[in-house]
Every structure is written in structure tokens, then in C-alpha cells.
Amino acid sequence: MRRKVDFLVIGSGIAGLSYALKVAEHGKVLIISKTKILETATWYAQGGIAAVMYNPDTYNKHIQDTLVAGSFLNDEKIVTMTITQSTERIEELIRWGAHFDKESSGRYALAREGGHSEYRVLHHRDRTGSEIQRALTEKVFQHPNIEVLENHFTVDIITQHHLGKIVRRTHTDTQCYGAYVLDPETGIIDTILAKTTMIATGGAGNIYQTTTNPTIATGDGIAMVYRAKGIVDNMEFVQFHPTSLYNHKEKPSFLITEALRGAGAILKDQKGNEFMHKYDSRGSLAPRDIVARAIDNEMKLSGSEYVYLDARHIPEREILDHFPNIHAKCLSIGINVMKEMIPVVPAAHYICGGIKTDADGRTSINHLYASGEVASTGLHGANRLASNSLLEALVFSHRASEHAVKQIQEIEFMESIPDWNAEGTVLNEEMILITQSRKELQAIMSNYVGIVRSDLRLLRAAQRLEILYRETEALYDKSVLSVELCELRNMINVAHLIIKFASQRKESIGLHYSIDYPSKD
Ligand code: FAD
Ligand code: SIN
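What this report covers is the structure whose coordinates are included nearby. Just so it is clear, the model here is predicted, and its values are computed rather than measured. (Residues numbered from 1 in each chain as written. Chains lettered and ligands numbered in written order. Predicted model: local features only at pLDDT ≥ 70, side-chain atom pairs only at ≥ 80, totals over all residues. Heavy atoms only, no water.)

What follows concerns the overall build of the protein chain. Within the protein chain, the secondary structure is distributed over 15 helices and 17 strands. Radius of gyration (C-alpha) of the protein chain: 22 Å, near the 24 Å computed for a compact globule of 521 residues. Principal-axis analysis of the C-alpha atoms gives the protein chain an extent of 65 × 50 × 45 Å. Put simply, 74% of the contacts in the protein chain that link residues at least 6 apart link residues at least 24 apart. Element-wise, carbon and sulfur atoms account for 50% of the exposed surface of the protein chain, whose accessible area totals about 20,800 Å². Across the protein chain, 57 positive and 64 negative side-chain charges occur, with their mean positions spaced 2 Å apart. (Helix = DSSP H or I, 4+ residues; strand = E, 2+ residues; numbered from the N terminus. Rg over C-alpha atoms; globule rule 2.2 N^0.38 Å. Contact = heavy atoms within 4.5 Å. Areas by Shrake-Rupley, 256 points an atom, 1.4 Å probe, with all protein chains shown as cover. Lys, Arg positive; Asp, Glu negative; His and termini not counted. Charge placed at Lys NZ, Arg CZ, Asp CG, Glu CD.)

This is how it looks when you write it as C-alpha cells:
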């Protein structure tokens, strides 16, 4: 099937939906979601969304905290631009129908998370993401100009390459004409021609064995754009959340929000002793990279598979009012957080790098925008400050929408794009060829490219990944496409980029820690 839309949006999280709502005033919008519209990382966000709301907080303090967390590898102009728009974007989100908790005075209740010098995290109990996703989804379904295609998988974006021309990463005139999208039910790959395309496909946590990310997070957008010869950046910086619930084999790992530490919960070792002050004067509320590394070290020293988070001293009322989801989840596996400590372990959580964009969310490919976790905007530098990512998605989707709307009248559809050519491919009847490679990939990344790295580990990872890459490309070339095969290929691509960027960085900084270069360059 061939279709034409003004604005193609790939992804139905906060980045995709907030962009769609804005551009829909100016043309037809098609949103593609690889599973259900609600199944996004956005839905799972717990802690909240950072914004400067009241005194004594200031934009300058939030800017400084963001730069310190990012080890000053951030783009300072982008940080300033994002933070100074935070209040406006939150007000808009509230107008769209998202509810945040308030104090009895009527002011918004603000939480504090690791690395923040002030209370500035707006939240909806411990389910902020699902509240935002609910509000945006309702608005999207009400809009007459927006169509949502669920359970459709975007395989590749379309460029001049599909017209038989050579496209290189150094070219500045590469254009995006839309995308090829697979309907897994029918096996048909549609050609969707678009005047502009927004990639909002989220993160890639599933390249690791343990992750807080939902199963949709397989790095598809980053891989698609890299294949299309777009520029990616900052890929070595993968954030591990220090506290996911230790509950063997549960996927995704259930997050124990940092806001619980903000409310006073303390990390303890197997013997019940506090240990964070050995590593950082900020204790359990130090930035995530420091806490995750400290936990990793404590686990290695003691040989245990987890440490504890002690929330027993937090008043019962506060737990029930602010953390009902965590309370219920822990109870469901036999842990009463008011009486027992919570076993926690770090899990892959957020990729700071991705598709390089400018301040308007523009990628290096014309008419192609990126926003949300898939993008590398320059905001995070070497480490993301907690709760800055939902904000980043809102700001960049807003700016991208303004840019796209200005351009749209001048862009023509590229009618001569050929349909997908599946000639000579056959059904792959051995799923084990995909599932085993996926497990191997996750083991390689977790064991060699995790919280602590070294030159030798990265070299081993690269050599093993090369084998998986060759096998998967051979399988891809001869197979009728499936979601599982495309995801594996994308995950290998993203893993390759992380290893490549990590191998080039000869220092330890932010989220990239190498035992061969223990200090900053
Ligand atoms: P997502 O919300 O992940 O949406 C991605 C979309 O892309 C999905 O609709 C998916 O179906 C679609 N997609 C992907 N690939 C394809 C494809 N090939 N074809 C078609 N569609 C595709 N951040 C904060 O700021 N505060 C928090 O409190 C917070 N808590 C978090 C808690 C958890 C457990 C997790 C996992 C993350 C948390 N984060 C938090 C991070 C934040 O939630 C994400 O970075 C953010 O929601 C990403 O939004 P997004 O719109 O970029 O992507
Ligand atoms: C959390 O609630 O701890 C997650 C916050 C984030 O990832 O920004």
C-alpha cells in the first residue's frame, strides 16, 4: 500500500504525541506505534518531570545542575534554551490535561532527585509517565487531523538511496521522503510518503540483559538513521539506574524511583550498613553514575547480587500517598517496604546519545526531525540529570513542530519512490537463529560494555559483535522481514555504535568509566 501524509511521526511516547498535537493544526498527521499507543517508556516514567516553578529555584540553578551532572560535556546553549523553556512547556502540558500532585496550599508539590540542588520535580504520585501519556493520548484521539497506526513496525526511512543514488554521511543534501512500514499481521511493507518525518522511537535498553525499559526499546530509530547515513553522537553514555527491584528474570525490571531516595530512603549493604558516603558526600542522592558504580563495586566486593534500599523510616502515610505503586509492587513479591528493606540492582535505563540534532530537532538529513530519547540534542552531556528527559522531549518536539510547520508548504512529495522489494526472500522458519543471537548480544553488552569498561572488554565485545553482525546481515538479506529480525539488526547496530564511541574515549567521564583511564582526560 502507498500512502501520503504531511507529517509522519514514528513513535507514540511524549516526544511523538506532543509533536503530533502541534503540527496537526497544519496538515494530515500519521503516528506509527510498533505496539499499542500506550506501550512506551513514557508510560513507565515514575519520578516526574523537572521544571523551574517557584522560588528559591532559578533557571540558573537548574542549568548548573544539568551541566554538573553532564560533566560539562553538554552544549551550554542547548541546556540554557531547554531549561528556560521548562515552565512554559509544563504549563502547556497541564493545559492539555495532565495532572500533577499539589500541596494543600494549591502549589504544585515538587520532589528532589539525585543531582538536583532544589525541589523541582513535578509528579503524579509514582506514576507520572502514565498520567502524561494518558493526557496526550486522549488529546491525540480527539484530533480530526491525526491518524494512529498501532502494531506497525517502521523498517527504514526513505532517502535518495532508494532512488538508486549514492548517499554518504558527509553529504548535506540527503533528504527523507518518508518510511517503509511493516504490518506484521499481513507481512506487507507499506510505502509511506511524507513531507516531513519525526523520529521519536525512544531508547535502546533492551540491548542489555537487565533494563527498566519496555520491550519496545530496541534502538530502532538510531539504527534506521545511522543506516540512512545520518549523524549520531554521544553513544558511549548509557545511564544505568541504580535502583531497579531485584526480582530475578522479571522483564522489564521494575524501577524503584529515585524520588524514594529523595524522600529519605538510604542505600545499605548486605549487613545493613550505609555505604554511599564512602563514595560521595551527597550519599544516596549523588548523581546516578556515581551511585550505580558504587553499588556495582559493593556487589563485586561482597559477591552478592543486590544491595538494599531502606525506606522503613519513611512515614507510612508518605509511602502510601506518594509511592503507592512501589508499595503495591513490592508487596506483590512479599516485601513490605515499611518493615523490610528493598533489594535493588542497577539496570540499563537511558541512552544519552542518539541521532544528533540542532536546537530545532533537525537531524543531518533534511526534512527529518528527532526528539525524545532517540535524539542527542546536547542537553545531557556525559550523564542525564534525573527527570530531564521528559522535559527535553517536550521542548524539542515543540521547537521541531515550529520548524516543520514553517517548511511544509515548500516541500513536495517524492512520487518516484519504489515500493519495497522483497524479491528472492524466504520465510525464516528457525526463530532460534534470532533469539539466541539476541541473548548473546545482551550478554556481550552487559558483561563487557556495562557500568565499568576496559579496553580489553571493549575489544572482546567488538570482536564478538562482528560475528553476530555478519550472521544477522546474511539472514536479513535472504529472509521475509519480521519484527524480531529487524529489532535484532537494529540492536546490533546500536551496540556497535556504543562500543565504537566508548573505544574512542580514552578517559573516564560521566557514564563512561574505564579501568584503563580512571580519571578525566
Ligand atoms: P517512548 O516513550 O519510549 O516512545 C517510543 C515510541 O516509539 C513507542 O510508541 C514505540 O512503539 C515507538 N517505536 C519504536 N520503534 C519503532 C518502530 N521501529 N516502528 C514504529 N514505532 C516504533 N524520564 C524522566 O524525565 N522522568 C522520569 O521520572 C523517568 N522515569 C523513567 C522510568 C522508567 C521505568 C523508564 C524506562 C524511563 C524513565 N524516564 C524518565 C525516561 C523517559 O521515560 C524516557 O526517556 C521518555 O519517556 C522517552 O520518550 P520518547 O517519546 O522519546 O520514547
Ligand atoms: C526515577 O524516577 O528515578 C527515574 C527518573 C528518571 O529516569 O529521570
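The structure having been displayed, the exposition proceeds.
A word on the sheet that holds strand S17 (residues 375–376). Taking strand neighbours across the sheet as the criterion, the 3 strands line up as S10-S15-S17 in an open arrangement whose pairing is mixed. The open sheet has two edge strands with one neighbour each: strand S10 (232–233) and S17. Across 2 bridges, the pairing between S10 and strand S15 (residues 354–356) is antiparallel. If you follow Val232 over to S15, its bridge partner there is Ile355. Its contacts with the sheet place helix H7 (residues 220–227) against S10 and S15, and it is angled at close to 45 degrees to S15. (Pairing = 2+ DSSP bridges. Axes fitted to C-alpha atoms, helices over the stretch in contact; angles between N-to-C directions.)

Close contacts around ligand 1 come from 39 residues, with Ser12, Thr42, Gly48, Glu373 and Ser389 the closest. A distance of 3.5 Å is found between an oxygen atom of ligand 1 and a side-chain nitrogen or oxygen belonging to Ser33. Gln46 has a polar backbone atom sitting 3.4 Å from a nitrogen atom of ligand 1. Contact with the protein chains hides 98% of the accessible area of ligand 1, taken as 1,000 Å² for the molecule alone. Counting residues per element, the ones that place at least two in the shell around ligand 1 are helix H1 (14–23), helix H2 (41–44), strand S7 (153–158), H7, strand S14 (342–351) and helix H12 (389–407). Looking at the shell around ligand 1 residue by residue, the classes come out as 14 nonpolar, 21 polar and 4 charged. (Near = heavy atom within 4 Å. Polar contact = N/O pair within 3.5 Å; in protein donor to acceptor, adjacent residues only side chain to side chain. Nonpolar A, V, L, I, M, F, W, Y, C, P; charged D, E, K, R; others polar.)

With that settled, consider the sheet that holds strand S11 (residues 238–245). Reading across from one edge, S11-S14-S13-S12 is the order of the 4 strands in this open sheet, with antiparallel pairing throughout. The open sheet terminates on both sides in strands that have one partner only, identified here as S11 and strand S12 (266–268). Each neighbouring strand pair of the sheet contributes to a mean axis angle of 45 degrees, computed without reference to strand direction. Both S11 and S14 contribute to a ladder of 6 bridges, which runs antiparallel. Its bridge partner being in S14, Leu245 is matched across the sheet by Val344. Contacts between helix H9 (residues 288–302) and the sheet are confined to S11, S12, strand S13 (307–310) and S14, with S11 contributing the most and set at about 60 degrees to the helix.

Residue pairs three or four apart in sequence face the same way in an α-helix, which turns once every 3.6 residues. Taken together, the buried positions of helix H11 (residues 324–332) are Ile326, His327, Lys329 and Cys330. Along the axis of H11, the buried residues cluster in a sector spanning 170 degrees; they form a single face. Those residues of H11 that are buried lie in contact with S11, helix H10 (316–322) and S14. Phi for Gly334, located one or two positions after H11, is positive at around 85 degrees. (Buried < 20%, exposed > 50% of the residue type's maximum accessible area, 1.4 Å probe, protein only. Arc of directions from axis to C-beta.)

Another aspect to go through is the pairing of strand S1 (residues 2–10). Buried residues dominate S1, accounting for 7 of its 9 residues. Pairing between S1 and strand S9 (residues 188–199): 8 bridges, direction parallel. Counterpart to Leu8 in the pairing with S9 is Thr197. Where S1 meets strand S2 (residues 29–32), 4 bridges bridge the pair, whose relative direction is parallel.

Right, let's get into the site of ligand 2. Gln46, Gly47, His241, Leu255, Thr257, Glu258, Arg288, His349, Arg384, Ala386 and Ser387 make up every residue found near ligand 2. Side-chain polar atom of Thr257 to an oxygen atom of ligand 2: 2.5 Å apart, as the coordinates give it. Out of a free accessible area of 260 Å², ligand 2 has 93% covered by protein chains. Class assignment of the residues belonging to the shell around ligand 2 gives a composition of 2 nonpolar, 6 polar and 3 charged.

This part takes up the environment of Asp156. Along the chain, Asp156 falls in strand S7. Not counting chain neighbours up to four residues away, the residues in contact with Asp156 comprise Ala179, Tyr180, Met224, Arg227, Trp420, Tyr476 and Arg489. Of the polar contacts made by the side chain of Asp156, one reaches the side chain of Arg227; its length is 3.0 Å.

Another point: the packing of aromatic side chains. In total, this model carries 5 aromatic pairs according to the counting rule given. Seen in terms of ring centroids, Tyr208 and Phe240 are 5.2 Å apart; in terms of plane orientation they differ by 80 degrees. Their pairing is edge-to-face. Of this pair, Tyr208 sits in the loop between S9 and H7 while Phe240 sits in strand S11, and the two are 32 residues apart along the sequence. Here Tyr208 matches Phe240 in class, with each residue buried. The interplanar angle of 75 degrees and the centroid separation of 5.5 Å between the aromatic rings of Tyr306 and Tyr308 together place this pair among those described as edge-to-face. Take Tyr306: its relative accessible area is 22%, and that puts it in the partly exposed class. According to the relative accessible area criterion, Tyr308 is buried, its value standing at 17%. (Phe/Tyr/Trp six-rings, centres within 6.5 Å; stacked < 30°, edge-to-face > 60°.)

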